[in-house]
Amino acid sequence: MKRSILFDTETTGLDPLKGDRVIEIAALELMGDLPTGNNFHVLIDPERDVPEEASRVHGFTRADLEGKPKFAEIAKGFLDFVGDDALIAHNARFDFGFLNAELGRAGLPELDMGRMVDTLDMARERFPGMPNSLDALCRRFSIDLSERTTHNALLDCRLLAAVYLELTGGRQRGLGLAVEEGSGGIATYTYARPAGHQPVRVQPTEAEIEVHQAFVKRLSDPLWLT
């Protein structure tokens, strides 16, 4: 089954080339586009101040991050978690830019942009000319936003996982009704035939076959006859 990683970052600002740094990383593991329950989440000491305007967005101050590990200390754990799988994010170029800047500072290889899956690009293709922020997409898909008072990376990942599911086919993928303990968090449904049950074979009568054939002849260019 296909594995991918959906992730988000929070930062001190908008431009890693001007000294802005990553302060939070959250990542969720998906199998077949569904969350497994496995995640990676860490707060990071940015080794610099956190501007007030940035704090208003994500809610973190410099004091909140004092004593947290530096990026170089968590980089291996993050890279081990994401492996070589596809990396999904909303406005992914922003997150890739920051992570690659941090990896470069740590003397580590950058993330391959070929792994990038950008849900913002997906949303713009599906809803051209419409607002396609994470909030706007959650409202469009009736996804509960009540807990999103700030841009918390882990919560944003969970919301984006629901949005991504809608963008790639909708909630009908979640046909499983329960998640069994030890199943990895993926809901499945297995049908068990009752003991002694025999399948019922339906054989149409000649009259029913004639009616069906007459109906098919009235169809305009049916695909199964081409």
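Quick caveat: nothing in here was measured; it's all calculated off a predicted structure.

Draft legend 1. Up close: the packing of aromatic side chains. The full count for this structure, using the stated rule, is 5 aromatic pairs. Of note, Arg-3 hangs over the ring of Phe-81, and the distance from its end group to the ring centre comes to 5.7 Å. Sitting above the plane of the Phe-127 ring, Arg-140 keeps its charged end 4.6 Å from the centroid.

Draft legend 2. Molecular detail of the confidence of the model for the protein. Scored by pLDDT, the protein has a mean of 87; 83% of the residues are at 70 or more. In this model residues 173-178 is a low-confidence stretch, pLDDT under 50, and it forms 10 contacts with partners more than four residues away in sequence or in other chains.

Draft legend 3. Fine view of helix H5 (residues 119-126). Turning to H5, its buried residues number three or more, namely Thr-119, Leu-120 and Ala-123. Taken end-on, H5 shows its buried residues confined to a sector of 105 degrees, consistent with a single buried face. On its buried face, H5 is in contact with strand E4 (86-89), strand E5 (116-118), helix H6 (134-140) and helix H7 (153-167). For H5, the N-terminal capping position is held by Asp-118, with its side-chain oxygen 2.9 Å away from the main-chain nitrogen of Leu-120.

Draft legend 4. Expanded view of the pairing of strand E1 (residues 3-11). Burial analysis of E1 places 8 of its 9 residues in the buried class, the great majority of the element. The sheet contact formed by E1 and strand E2 (residues 22-31) spans 9 bridges and is antiparallel. Looking at E2, one finds that Thr-9 is bridged to Ile-25. Looking at chain direction, E1 and E4 are connected through 3 bridges and run parallel. When the bridges of E4 are listed, Ile-5 appears paired with Leu-87.

Draft legend 5. Structural detail: the packing of H5 against H7. Contact geometry of H5 with H7 gives a least axis separation of 11 Å together with a crossing angle of 45 degrees. With respect to each other, H5 and H7 are oriented oblique. Here H5 runs over H7; the crossing is left-handed. Counted together, Thr-119, Met-122, Ala-123 and Arg-126 of H5 and Leu-160, Tyr-164, Glu-166 and Leu-167 of H7 form the full contact between these two elements. Considered class by class, the residues forming the contact of H5 with H7 number 5 nonpolar, 1 polar and 2 charged.

Draft legend 6. Local environment of the pattern of salt bridges. According to the stated counting rule, one finds 13 salt bridges in the structure shown. Its salt-bridge partner being Asp-45, residue Arg-62 comes within 2.9 Å of it at the nearest N-O pair. Note that Arg-62 is positioned in helix H2 (residues 62-65) and Asp-45 in the loop between strand E3 (34-43) and helix H1 (52-58), a separation of 17 residues in sequence. Using a relative accessible area of 9% as the deciding quantity, one classes Asp-45 as buried. Residue Arg-105 pairs with Glu-102 through a salt bridge whose shortest N-O separation is 3.6 Å. Residue Arg-105 and its partner Glu-102 are both found in helix H4 (residues 92-105); the two are separated by 3 residues, about one turn of the helix. Classification of Glu-102 by relative accessible area gives buried; the value is 2%. Through salt bridges that share partners, Arg-21, Glu-47, Glu-102 and Arg-105 make up one connected network.

Draft legend 7. Spotlight on the packing of helix H3 (residues 71-82) against H4. Orientation of H3 relative to H4, taken along the N-to-C sense of each, is 115 degrees, at an axis distance of 10 Å. Remark: the crossing between H3 and H4 carries left-handed chirality. Counted together, Phe-71, Ala-75, Phe-78 and Leu-79 of H3 and Leu-99, Glu-102 and Leu-103 of H4 form the full contact between these two elements. Considering only residue class, the contact of H3 with H4 consists of 6 nonpolar, no polar and 1 charged.

Each value, and the rule that gives it
Residues numbered from 1 in each chain as written. Predicted model: local features only at pLDDT ≥ 70, side-chain atom pairs only at ≥ 80, totals over all residues. Heavy atoms only, no water. Phe/Tyr/Trp six-rings, centres within 6.5 Å; stacked < 30°, edge-to-face > 60°. Lys NZ or Arg CZ within 6 Å of the ring centre and 35° of its normal. pLDDT = per-residue confidence, 0-100. Contact = heavy atoms within 4.5 Å. Buried < 20%, exposed > 50% of the residue type's maximum accessible area, 1.4 Å probe, protein only. Helix = DSSP H or I, 4+ residues; strand = E, 2+ residues; numbered from the N terminus. Arc of directions from axis to C-beta. Polar contact = N/O pair within 3.5 Å; in protein donor to acceptor, adjacent residues only side chain to side chain. Pairing = 2+ DSSP bridges. Axes fitted to C-alpha atoms, helices over the stretch in contact; angles between N-to-C directions. Parallel < 35°, antiparallel > 145°, perpendicular 65-115°, else oblique. Left-handed = near helix turned anticlockwise from the far one by under 90°. Nonpolar A, V, L, I, M, F, W, Y, C, P; charged D, E, K, R; others polar. Salt bridge = Lys/Arg side-chain N within 4 Å of Asp/Glu carboxyl O.

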